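Examination of the molecular architecture
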Amino acid sequence: MTIIFILFVVRLIGRAVNGRTPDGGINESMLVDINGTKQWINIYGHDKDNPVLLYLHGGPGSATSHLDYAFTRKWSDVYTVVTWDQRNCGKSYDTSKTDTITADIMMQDGKEMTEYLLDYMNKDKITLMGHSWGSLFGANLALEYPEYYDVFIGTGQFIDYTENEQRLYEAAQNWSEGDEEGKELLAKWSPNGADTVDALMARNEIMDRYGYGMMKDGTDYNIYTTILFNPNYTIKDFIGYVKNGEKSFEPYMVFFTGDMSKLSLLGRYDYQVPFYNINGDMDYQTNYWLACEYFEQVSAPRKEMFVMEEATHGLLESRSEEFSEILHKIAEIQKNS
């Protein structure tokens, strides 16, 4: 009982420290009316005059609000960072429960969230940054609504679901040569992709097995204290995150293997905003080489790719300091352009 009490007190202190608003800055959490639902965001930054950066998490359907303040706040001296739990997941789950996810729904969500931030933060444009699914989502928003954005930044850039899965499957065939357990994992999914949760788990396990897993390098911050001192999560929020995880993911599995194909970037190369990529050269979750081929075709007012060597898909968390340094470079480039 004494240990529990001490943990409770330590958590209260840690949350209070992390919940402070920087002098001259902003730290606000709220539910926003988006496309007939209420969706959760946090806005954090040291200077409200800085550019606003909307961070689009991956998945689809994999909210990161239980820990993302640990790495997104490393950008908050040069950006006012908005973290958003997209519909049907994370802190948005209870207020945006959705049976069906479509490309049109997600695009309308992104448009309305952008319009809300432009108005609320009194900005003419915002910066858009997406990781994994978020990079596909963000690239589509930048292509469709260039008037809303001053920069697009994709990390773990996702280009096309079908081509991505075929390339991963071909690579996995080579990795598993002579490895019967690896072949058994490979047999649980196909070059057409993973269409069940079990198939998706086997797909990810085979990358872990051969050293290409998303979090092969762990994190460069302490994940336990990050969760313990999360200023945005109550105990009830954590219980909901665990309890609702599988249910919240179900409509996204259908979207992942179906309607998401409408958002493919293949053949769509003309951007009216600067286009940046930050990619790991060992990323098979969203294929690094496919992203490089796409990048070569991109036409934009400015484009640049930053490559993190020997990094896989979890680069944003596993090497958050290095990632932050690159993001600061991009902010400086844009400031001086």
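Here, the structure is the one placed above.
Summary of the structure given here. (Residues numbered from 1 in each chain as written. Predicted model: local features only at pLDDT ≥ 70, side-chain atom pairs only at ≥ 80, totals over all residues. Heavy atoms only, no water.)

Right, let's talk about the overall build of the protein chain for a bit. When its secondary structure is counted, the protein chain shows twelve helices and eight strands. Taken over C-alpha atoms, the radius of gyration comes to 20 Å for the protein chain, in line with the 20 Å a tight globule of 337 residues would show. In terms of its C-alpha atoms, the protein chain occupies a principal-axis envelope of roughly 60 × 55 × 40 Å. Long-range pairs, those at least 24 residues apart, make up 76% of the contacts in the protein chain with a sequence separation of at least 6. Carbon and sulfur atoms provide 50% of the accessible area of the protein chain, an area that totals close to 15000 Å². If the 29 positive side-chain charges of the protein chain are averaged to one point and the 51 negative ones to another, these points end up 6 Å apart. (Helix = DSSP H or I, 4+ residues; strand = E, 2+ residues; numbered from the N terminus. Rg over C-alpha atoms; globule rule 2.2 N^0.38 Å. Contact = heavy atoms within 4.5 Å. Areas by Shrake-Rupley, 256 points an atom, 1.4 Å probe, with all protein chains shown as cover. Lys, Arg positive; Asp, Glu negative; His and termini not counted. Charge placed at Lys NZ, Arg CZ, Asp CG, Glu CD.)

Two quantities define a packed helix pair, namely the angle between the helix axes and the distance between the axes. Between helix H3 (residues 103-120) and helix H4 (residues 133-144), the least distance of the axes is 10 Å, while the angle of their chain directions is 70 degrees. If you check the angle between H3 and H4, you find them roughly perpendicular. In the crossing of H3 with H4, the sense of the turn from one axis to the other is right-handed. In this structure, H3 contributes Met-106, Met-107, Gly-110 and Lys-111 to the contact, and H4 contributes Trp-133, Phe-137, Asn-140, Leu-141 and Glu-144. Of the residues that constitute the contact of H3 with H4, the class distribution is five nonpolar, two polar and two charged. (Axes fitted to C-alpha atoms, helices over the stretch in contact; angles between N-to-C directions. Parallel < 35°, antiparallel > 145°, perpendicular 65-115°, else oblique. Left-handed = near helix turned anticlockwise from the far one by under 90°. Nonpolar A, V, L, I, M, F, W, Y, C, P; charged D, E, K, R; others polar.)

A side chain with one charge can pair with a side chain of the opposite charge if their charged atoms come near. Within this structure, the stated rule accounts for 16 salt bridges. Residue Lys-38 is joined to Asp-33 by a salt bridge in which the shortest nitrogen-to-oxygen separation is 2.6 Å. A residue is classified by how much of its surface remains accessible, and Lys-38, at 38% relative accessible area, is partly exposed. Its salt-bridge partner being Lys-216, residue Asp-217 comes within 3.0 Å of it at the nearest N-O pair. Ionic contacts of the salt-bridge type, sharing partners, join the residues Lys-74, Asp-220 and Glu-321 into one network. (Salt bridge = Lys/Arg side-chain N within 4 Å of Asp/Glu carboxyl O. Buried < 20%, exposed > 50% of the residue type's maximum accessible area, 1.4 Å probe, protein only.)

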